[in-house]
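Chain and residue survey
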Amino acid sequence: MWQKKLMVVVVVLSLYGLASASVDWTNWGGDNLWSNPDNWSVFEVPQYFDTVVINLAGEDKCILDSTMTTDANCAQLFVGWGGTGELDVVDGTLNVLAYNMRVGEDASGVGTVNISGGTVNIADHIMCGCFGTADVNITGGNVNLQKFIVGEQSGSNGTFTIGGTANVSMSSDIIIASQSGSTGTLNVTGGTCSGAWKVIVGAGGNGTINMSAGLLHTQHELIVGDNGTGVLNITGGTIACETFIIPNGLGNGNANLDGGIICAKALIMKSGGIMDIN
């Protein structure tokens, strides 16, 4: 009986160790391809239970393309975790199955993610700038996730761009500049971002949305300035929401409308809010 119990404990601990493992991008294979086992620290392509860390950029960046004949899977993904990392998704399918994609993690983290094709499925959210500096550029393909945060902790600086033919499908919030001392910018230059529960610009820090084309859709509120400072600049495209609030809480909000369309059932202007229509 004792032997059986001991065996169960050993197996459980071993599985926990596998789930906590970090697989690092090395590009030792020299071709930049996610699909090449020689480019990973464990000399095999990451598996569904792995935490993937990409801390190389430029000539040594990681590329996911059509050479990946099966889905690229991992439990969570860090791009620029205390270093500089870059990931390009050109084709194929990337599944972050358990947690989130974190870009620009830690104060010394600098991360860039470029998605121009293929499909990216994320179980939870994209963190674009968590203490560090991050750029996420989606110009094509399909991205499915719950939410994204641009500029999360104090000192973070995140830029998130949606354009081209990109199709971003969501089920929870878009938060720009989450905490005091954070800076976040969302640029919408084309494509479609739909299904967000609400959009908050300047949740605690300094947040900006620049919109020139495309569609930004939220099921509920668009809040410009929510305990932080929010700015909305729209020169084209369409924003669709239930309620447009400038600002909320103790925030300050500024909406500059110089083109485009805002479809809302209600507009609420509060103290600290400014709207300029040209």
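Residues numbered from 1 in each chain as written. Predicted model: local features only at pLDDT ≥ 70, side-chain atom pairs only at ≥ 80, totals over all residues. Heavy atoms only, no water.

Quick look at the packing of aromatic side chains
Scanning all chains against the criterion turns up six aromatic pairs. With a centroid separation of 4.9 Å and an interplanar angle of 75 degrees, the aromatic rings of Y48 and F49 are classed as edge-to-face. For Y48, a relative accessible area of 52% puts it in the exposed group. With a centroid separation of 4.0 Å and an interplanar angle of 5 degrees, the aromatic rings of F148 and F160 are classed as stacked. Residue F148 is found in strand β14 (residues 147-150), and its partner F160 is found in strand β15 (residues 157-162); the two are separated by 12 residues along the sequence. (Phe/Tyr/Trp six-rings, centres within 6.5 Å; stacked < 30°, edge-to-face > 60°. Buried < 20%, exposed > 50% of the residue type's maximum accessible area, 1.4 Å probe, protein only. Helix = DSSP H or I, 4+ residues; strand = E, 2+ residues; numbered from the N terminus.)

Some remarks on the pattern of salt bridges
Side chains that differ in sign of charge can pair as their charged atoms come close. Tallied over the full model, the rule gives four salt bridges. In this structure, E86 and K61 form a salt bridge, with 4.0 Å as the shortest nitrogen-oxygen distance. With E86 in strand β6 (residues 84-89) and K61 in the loop between β2 (51-54) and β3 (62-64), this residue pair connects regions lying 25 residues apart in the sequence. Classification of E86 as buried rests on a relative accessible area of 15%. Here E242 makes a salt bridge to K265, at a shortest N to O gap of 3.6 Å. Here E242 is found in the loop between β23 (238-240) and β24 (243-246), whereas its partner K265 is found in the loop between β26 (261-263) and β27 (266-269), with 23 residues between them in sequence. Assessed through its relative accessible area of 31%, E242 is described here as partly exposed. Given the relative accessible area of 69%, K265 is considered exposed. Sharing partners across several salt bridges, the network here consists of K61, E86 and D88. (Salt bridge = Lys/Arg side-chain N within 4 Å of Asp/Glu carboxyl O.)

Brief notes about the side chain of D65
Within the secondary structure layout, D65 lies in the loop between β3 and β4 (72-74). Buried charge without a salt bridge: D65, with K61 as the nearest opposite-charge side chain at an N-O distance of 11 Å. Among the polar contacts made by the side chain of D65, one reaches the side chain of T67 at a distance of 2.5 Å. The contacts of D65, once residues within four sequence positions are left out, are L33, V90, D91 and G92. (Lys, Arg positive; Asp, Glu negative; His and termini not counted. Polar contact = N/O pair within 3.5 Å; in protein donor to acceptor, adjacent residues only side chain to side chain. Contact = heavy atoms within 4.5 Å.)

Some words on the sheet that holds β27
Within the open sheet, the 11 strands sit side by side as β1-β2-β5-β8-β11-β14-β17-β19-β21-β24-β27. Their pairing is parallel. What marks the edges here is a single partner per strand, and that holds for β1 (22-24) and β27. Looking at each pair of strands side by side, their axes are set apart by 10 degrees on average, direction ignored. Taken together, the three bridges between β1 and β2 define a ladder with parallel strand orientation. Along β2, the bridge assignment pairs S22 with T51. (Pairing = 2+ DSSP bridges. Axes fitted to C-alpha atoms, helices over the stretch in contact; angles between N-to-C directions.)

Details of the nonpolar core
Core analysis: the largest hydrophobic core is formed by 58 residues, its most contacted members being W34, L77, L87, L94, F148, F160 and I174. Per-element tally for this core: the top contributor is strand β18 (residues 183-196), with four residues. Core analysis: the second largest hydrophobic core is formed by eight residues, M127, I149, I200 and A203 among them. (Core = buried A, V, L, I, M, F, W, Y, C linked by side-chain atoms within 4.5 Å.)

Considering the confidence of the model for the chain
Do not read the fine detail of predicted coordinates wherever pLDDT is low. Across the chain, pLDDT averages 93, with 92% of residues at or above 70. In this model, residues 1-19 is a region of pLDDT below 50 whose contacts with residues beyond four sequence positions or in other chains number four contacts. (pLDDT = per-residue confidence, 0-100.)

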